[in-house]
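Examination of the molecular architecture
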Amino acid sequence: MKFLKLNTLIFCTLVFLPYSLLMAYDEPNYKVIQKNEIYEIRKYSDRLAVETIDSGSENNFRKLFNYISGRNEDNEKIKMTTPVTQFEKNGNMSMQFYLPSKFNSKNVPKPTKENVSIVNIEGGYYAVIRYSGKASDKNFIKYKDFLLKELEKNNITTSSSPIRATYDSPFTLPMNRRNEAMFKIVYK
């Protein structure tokens, strides 16, 4: 039995680890303003994203994936970027895919589904804590609560609901995953 577990672990490591490391996507540029052992403060510029808000009828990820797969007015396929973000907006769950930097408000393909929209995410300062493991609700809640307590200790005011950011494919081994909990903050 131990032999089988060891062989399975070796197989998964050899097959999935290289795949995980090759999955490199574009992500929004940011500048690290301040960093400590627990979190960092980043400054982001404005960026475009495609967004959908949970209406309870369809999977949010699937709606956004369909958009970047060419189900848009231009039938244009769009490269996947990271992170995929989720947060509460007006009492519902919002999910966003950032769009590659080549797009702006004039050349971005318009969505064909009514509950998918293009949004401009205002730049600003964000406090971010990074963690590995599964992108589960339990992990996210643990780290966003920890980050919030640290920000309160340091007298840093948040100006958004907590944001969950996931960077890796589901095939990435949990120990190699990059997940983040973040808040937009008031930074002087």
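One structure accompanies this document, and this report is about it. What you see is a predicted model, and the numbers here were worked out from it, not measured in a lab.

Analysis parameters
- Residues numbered from 1 in each chain as written.
- Predicted model: local features only at pLDDT ≥ 70, side-chain atom pairs only at ≥ 80, totals over all residues.
- Heavy atoms only, no water.
- Helix = DSSP H or I, 4+ residues; strand = E, 2+ residues; numbered from the N terminus.
- Contact = heavy atoms within 4.5 Å.
- Areas by Shrake-Rupley, 256 points an atom, 1.4 Å probe, with all protein chains shown as cover.
- Buried < 20%, exposed > 50% of the residue type's maximum accessible area, 1.4 Å probe, protein only.
- Polar contact = N/O pair within 3.5 Å; in protein donor to acceptor, adjacent residues only side chain to side chain.
- Phe/Tyr/Trp six-rings, centres within 6.5 Å; stacked < 30°, edge-to-face > 60°.

**Concerning the overall build of the protein chain**
Helix and strand content of the protein chain: three helices and ten strands. Going residue by residue from the N terminus, the α and β elements of the protein chain occur as α-β-β-β-α-β-β-β-β-α-β-β-β. Sequence separation of 24 or more characterises 68% of the internal contacts of the protein chain that already satisfy a separation of 6 or more. Total accessible area on the protein chain is roughly 11600 Å²; 54% of this is exposed by carbon and sulfur atoms.

**A few points about the environment of Ile185**
Tracing the chain through its elements places Ile185 in strand β10 (residues 179-186). What makes Ile185 buried here is its relative accessible area of 5%. Leave out the neighbours within four places in its chain, and Ile185 touches Ile41, Tyr125, Tyr126, Ala127, Leu151, Ile156, Thr157, Thr158 and Ser159.

**Digging into the side chain of Lys144**
Along the chain, the position of Lys144 falls in helix α3 (residues 137-153). Lys144 gets classed as buried once you look at its relative accessible area, which sits at 19%. Beyond its immediate sequence surroundings of up to four residues, Lys144 is in contact with Pro162, Ala181 and Phe183.

**Let's talk about helix α2 (residues 60-68)**
Within α2 the residues assigned to the buried category are Asn60, Lys63, Leu64, Asn66, Tyr67 and Ile68. Considering only its buried residues, α2 is in contact with β3 (47-53), β5 (92-98) and β6 (116-121). Looking at where α2 begins, the residue whose side-chain oxygen comes 2.8 Å from the main-chain nitrogen of Phe61 is Asn59. Downstream of α2 by one or two residues, Gly70 has phi in the positive range, about 115 degrees.

**Considerations on unusual backbone geometry**
The peptide bond linking Thr82 to Pro83 adopts the cis configuration, its omega dihedral lying at -5 degrees. Considering the arrangement of structural elements, one finds Pro83 in the loop between α2 and β4 (84-89). The backbone of Asn155 shows a phi angle near 55 degrees, a positive value even though the residue is not glycine. Inspection of the secondary structure puts Asn155 in the loop between α3 and β8 (157-158).

**A word on the packing of aromatic side chains**
Aromatic ring pairs are reported here in terms of the distance separating the ring centres and the angle at which the planes meet. In this structure the tally under the stated criterion is six aromatic pairs. Centroid distance Tyr44 to Tyr126: 5.4 Å. Interplanar angle 90 degrees. Geometry classified as edge-to-face. One end of the pair, Tyr44, is in strand β2 (residues 40-44); the other, Tyr126, is in strand β7 (residues 124-131), with 82 residues separating them in the sequence. Residues Tyr44 and Tyr126 agree in their burial class; the two are buried. Ring geometry for Tyr125 against Tyr187: centres 5.0 Å apart, planes inclined by 40 degrees, an arrangement best described as tilted. Of this pair, Tyr125 sits in strand β7 while Tyr187 sits in the segment after β10, and the two are 62 residues apart along the sequence. Residue classification places Tyr125 among the partly exposed residues on the basis of a relative accessible area of 24%. Given the relative accessible area of 26%, Tyr187 is considered partly exposed.

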